[in-house]
Number of protein chains: 2
Amino acid sequence: MSTIGDVAKRAGVSAMTVSRVINNSGYISQETRERVEQAIAELGYVPNALARSLRFKRTKTIALILTDITNPFFTTLARGIEDAASEQGFSVIFCNTDESQDEEAEYLSVVVQKQVDGVLLVPASSSSESVTFLQDRGVPCVVLDRRLPDVAVDTVRGDSEAGAYRLTRHLLDLGHRRIALLNGPSSVSTAEDRLAGYRRALDEAGLSSAARVYEGSYTVEGGYRTAKQMLGDTPRPTAVFAANNFIAIGALRVLREAGLRVPDDLSLVAFDDLPATMMIDPFFTVIGQPAYEMGQRATQLLLEHLAGQSPAEPQEIVLPAQLIVRRSSGPPPAEI
Amino acid sequence: MSTIGDVAKRAGVSAMTVSRVINNSGYISQETRERVEQAIAELGYVPNALARSLRFKRTKTIALILTDITNPFFTTLARGIEDAASEQGFSVIFCNTDESQDEEAEYLSVVVQKQVDGVLLVPASSSSESVTFLQDRGVPCVVLDRRLPDVAVDTVRGDSEAGAYRLTRHLLDLGHRRIALLNGPSSVSTAEDRLAGYRRALDEAGLSSAARVYEGSYTVEGGYRTAKQMLGDTPRPTAVFAANNFIAIGALRVLREAGLRVPDDLSLVAFDDLPATMMIDPFFTVIGQPAYEMGQRATQLLLEHLAGQSPAEPQEIVLPAQLIVRRSSGPPPAEI
DNA sequence: GGATAACATGTTACCGTTAACAGACAACCG
DNA sequence: CGGTTGTCTGTTAACGGTAACATGTTATCC
């Protein structure tokens, strides 16, 4: 790979002159400019962004640290982020923590060393450690999807509480009285908020004591396990609220294995929709979150920060969630 | 952000000594080491990877340039790549070209400037320009998913030809004689190969002249459009082979709108499976490609290259595709 | 006891780029 | 004609890190 010095030698000028041509700064005679441009073309010269970044202390690169890109919600989020970032000339380094705090810390250390200009973080847990680490080192950060209670930081997330409330209300309105919540890990704020929304709806209906909460992980296996547990308990719920799409899939498997029909024998609703592009047959009644927009907004917020245009006060942007009623929910079966 | 000099000053040593502590190289007295480590901890010092990279000419970063991370096949591929890369301490910059040659060129320029150690490329078209650009600048590259006919380069891809052959054979074996292919753009090698496999199966069955090929894009809209066109033609095919998952979804919409049942009135099979974690109800008969493994293998190949362990000869790794028979394919309806 | 080796630390120079400063020359002005 | 202004190009130093070399100290050996 040729350097600015190689170009300079070939064009018979100094490196500084080449730099001026590349950056269109200062005075350059037409003749010199052409000679330099030719040398650049002949050598296939590409400026070294590392050297530039070292001087300017900005890399035009941000890090995206999330739990699992394979979750369609995060895939769409990531796409929104990359689109918004590349539009402003920023590159995105992406990292999967698999909900591990250790992996998260490891990735954070790496990207800070690589001098990313900012970090978009979907935290593995509610610990404020990661954000503090970044703040101590002066790296701007926007937290995505999840709340961090103990630290002042920009956050962009969906309204889990209101979404869960509406989803539960939907089931109550259909006549359900025994509604189970298959939740994610309580260490994650979305699980906490979905639980809160669920409880609020039950409380309003005077059914506080009817709450049945099963805590697991946000995975198919988690859903499978908690659903199995739920089916063992009596009286059996007539509706199941899965706290995310993976849990819903796991739960559905259990119900199928038990020979139960949805929604005839049991209603099953979930948080998080699948993109229309991968749905053969939209079936689940869900709360859909605007994942793409969430990614965009978070990126814009971060980039404004980098440009120094944002208010000092940390912002919390909460995007509304949408109830989409489909075929997986219906009235409870008649009691025998 | 503090530098190695700040740490040195605080510990009362030279920058070089700090460097030695960090990298565990050369001789350091236990006492000095402790003083330096304390200074590092107190300052929250993090080494600047840019400065290191500038010296060593390696960034421990690779670029992943693909068409759309939102396509579940590529999502899984990306996950395989990130896992394999991070295992070896490499970071991944990801870029979506949306099948645009211009975007691809733009991203390539950026990541080469950023001095990535290598590039994983899902090319937007069969043009060899991108790979040549990288080779001219000495940036190692592995091409993913698609063949590039005019250039010698490492490639990891699925066996589209054999997969298409088997999928078509499956339909022929069920008794279908009029099988339409809703293909992707002919500028992409996978579309070319799937067409070839389809033709080979028809040829073997003596049905060469029965081929009906509709060229579109690898999108839901593309599938929708070509399927609509197909339905207008007579005699109507009894089976449809969608060249990817998005096309299948688009086609299914058309069939539903036309009141046709799958597989009773028409069989519909596709290339590319969805991850089990997002399937409510596995329905499509498909050819599944080992996307995760493809990503892993390609990354390993690239990293071996970087370590100088790989053969000079460009390798082509072709991974087998698997036929998964489900409910969307069945015998053709009885002729009236 | 002087040579030698092992240990411990510091100095210099360089990776590729560019801001700041400096110098040279031409045009223009009063 | 001397000074000012505008144009064009070059030199130096710095961004943060470390290899190579240099230097000094202490322990070891014959």
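The structure displayed is predicted, hence computed values, not measured ones.

With that out of the way, let us pick up the overall build of chain A. Summing up its helical and strand segments, chain A has 12 helices and 12 strands in all. Since a compact globule built from 336 residues should have a radius of gyration of about 20 Å, the 26 Å found for chain A marks it as more spread out than a globular shape. Seen through its principal axes, chain A has C-alpha atoms that stretch 95 × 40 × 30 Å. Of the contacts formed within chain A by residues at least 6 apart in sequence, a portion of 71% connects residues at least 24 apart.

As a further point, take the nonpolar core. If you look at the biggest cluster of nonpolar residues, it comprises 107 residues, and the most contacted ones within it are A:Leu64, A:Val119, A:Leu120, B:Leu64, B:Val119 and B:Leu120. Once residues lying within four places of it in the same chain are set aside, the contact partners of B:Leu64 are B:Ala78, B:Ile81, B:Val92, B:Ile93, B:Phe94, B:Cys95 and B:Leu120.

The next subject is the sheet that holds strand β10 (residues 285–288) of chain B. All names here are of chain B. Judged by pairing direction, the sheet is mixed, and its 6 strands sit side by side in the order β7-β6-β8-β9-β10-β12 without closing on themselves. Two strands lie at the open edges of the sheet, namely β7 (212–215) and β12 (322–324), each paired on one side alone. Mean inter-strand twist for the sheet, computed between neighbouring axes without regard to direction, equals 15 degrees. Across 3 bridges, strand β9 (residues 267–271) lies against β10 in parallel orientation. Bridging from a neighbouring strand, Ala270 pairs with Val286 of β10. Docked against the sheet, helix α8 (residues 160–173) engages β6 (179–183), β8 (239–242), β9, β10 and β12, running at close to 170 degrees with respect to β9. Sitting on the sheet, helix α9 (residues 189–204) touches β6, β7, β8 and β9, and the angle it makes with β6 is about 170 degrees.

Every contact between the two is made by 42 residues of chain B and, on the other side, 42 residues of chain A. Elements with a minimum of two residues in the side of chain B that touches chain A: α4 (49–56), α5 (72–87), β2 (91–96), α6 (101–113) and α11 (245–257) of chain B. Among the elements that line the side of chain B that touches chain A, the one with the most residues is α5(B), at 6 residues. Its residues assigned to classes, the side of chain B that touches chain A comprises 24 nonpolar, 13 polar and 5 charged.

The subject of this paragraph is the protein's contact with DNA strand D. Taken together, 26 residues lie near DNA strand D, and A:Thr32, B:Ile4, B:Ser19, B:Asn48 and B:Ala51 sit nearest. Broken down by secondary-structure element, the contributors of at least two residues to the surface near DNA strand D are α2 (15–23) and α4 (49–56) of chain A together with α1 (4–11), α2 (15–23) and α4 of chain B. A total of 5 residues in the surface near DNA strand D trace back to one element, the largest contributor, which is α2(B). Among the residues forming the surface near DNA strand D, the class breakdown is 12 nonpolar, 11 polar and 3 charged.

Residues and elements named next belong to chain A. Split by domain assignment, chain A resolves into domain 1 (4–47), domain 2 (59–158 + 290–318) and domain 3 (160–289). Each partner contributes residues to the interface: domain 2 has 12 residues there, and domain 3 has 10 residues. Those elements that place two or more of their residues in the side of domain 2 that touches domain 3 are α5 (72–87) and α12 (291–306). With 3 residues, the top contributor of residues to the side of domain 2 that touches domain 3 is α5. Class assignment of the residues belonging to the side of domain 2 that touches domain 3 gives a composition of 5 nonpolar, 4 polar and 3 charged.

Further remarks concern the environment of A:Ile62. Residues and elements named next belong to chain A. Take Ile62: it is sitting in strand β1 (residues 61–66). What makes Ile62 buried here is the crowd of 28 C-beta atoms within 10 Å. In this structure, the C-alpha to C-alpha distance between Ile62 and Val92, residues 30 residues apart in sequence, is 5.1 Å. Contact partners of Ile62, with chain neighbours within four places excluded, come to Ala85, Phe90, Val92, Val116, Asp117, Gly118, Val119, Leu120 and Leu302.

Residues and elements named next belong to chain A. Residues Thr234 and Pro235 are joined by a peptide bond in cis, for which omega reads -5 degrees. Tracing the sequence through the fold places Pro235 in the loop between α10 (220–232) and β8 (239–242). Cis geometry marks the peptide bond from Val262 to Pro263; its omega dihedral reads 5 degrees. With respect to the helices and strands, the residue Pro263 is situated in the loop between α11 (245–257) and β9 (267–271).

This part covers the protein's contact with DNA strand C. Taken together, the neighbourhood of DNA strand C is formed by 25 residues, with A:Ile4, A:Ser19, A:Asn48, A:Ala51 and B:Ser14 sitting nearest. Residue assignment for the surface near DNA strand C shows that the elements contributing at least two residues are α2 and α4 of chain A together with α2 and α4 of chain B. By residue number, the principal contributor to the surface near DNA strand C is α2(A), which donates 5 residues. Class assignment of the residues belonging to the surface near DNA strand C gives a composition of 12 nonpolar, 10 polar and 3 charged.

To continue, consider the environment of A:Ala162. Residue and element names in this part refer to chain A. Residue placement: Ala162 occurs in helix α8 (residues 160–173). Accessibility expressed as a C-beta count within 10 Å gives 18 for Ala162, which makes it partly exposed. For the pair Ala162 and Ile22, spaced 140 residues apart in sequence, the C-alpha to C-alpha distance is 53 Å.

Attention shifts here to the sheet that holds strand β12 (residues 322–324) of chain A. Residues and elements named next belong to chain A. Read across the open sheet, the 6 strands follow the order β7-β6-β8-β9-β10-β12; overall the sheet is mixed. The open sheet has two edge strands with one neighbour each: β7 (212–215) and β12. On average, each strand axis in the sheet is inclined to that of its neighbour by 15 degrees, with strand direction left out of account. Looking at chain direction, strand β10 (residues 285–288) and β12 are connected through 3 bridges and run antiparallel. Along β12, the bridge assignment pairs Val286 with Ile324. Relative to the sheet, α8 contacts β6 (179–183), β8, β9, β10 and β12, its axis offset from that of β9 by approximately 170 degrees. The strands that α11 touches are β6, β8 and β9; relative to β9, the one it contacts most, it runs at about 160 degrees.

Basis of the calculations
- Residues numbered from 1 in each chain as written.
- Chains lettered and ligands numbered in written order.
- Predicted model: local features only at pLDDT ≥ 70, side-chain atom pairs only at ≥ 80, totals over all residues.
- Helix = DSSP H or I, 4+ residues; strand = E, 2+ residues; numbered from the N terminus.
- Rg over C-alpha atoms; globule rule 2.2 N^0.38 Å.
- Contact = placed C-beta atoms within 7 Å.
- Core = buried A, V, L, I, M, F, W, Y, C linked by C-beta atoms within 7 Å.
- Buried ≥ 20, exposed ≤ 12 C-beta atoms within 10 Å, placed from the backbone.
- Pairing = 2+ DSSP bridges.
- Axes fitted to C-alpha atoms, helices over the stretch in contact; angles between N-to-C directions.
- Nonpolar A, V, L, I, M, F, W, Y, C, P; charged D, E, K, R; others polar.
- Near = placed C-beta within 6 Å.
- Domains from an automatic or database assignment.

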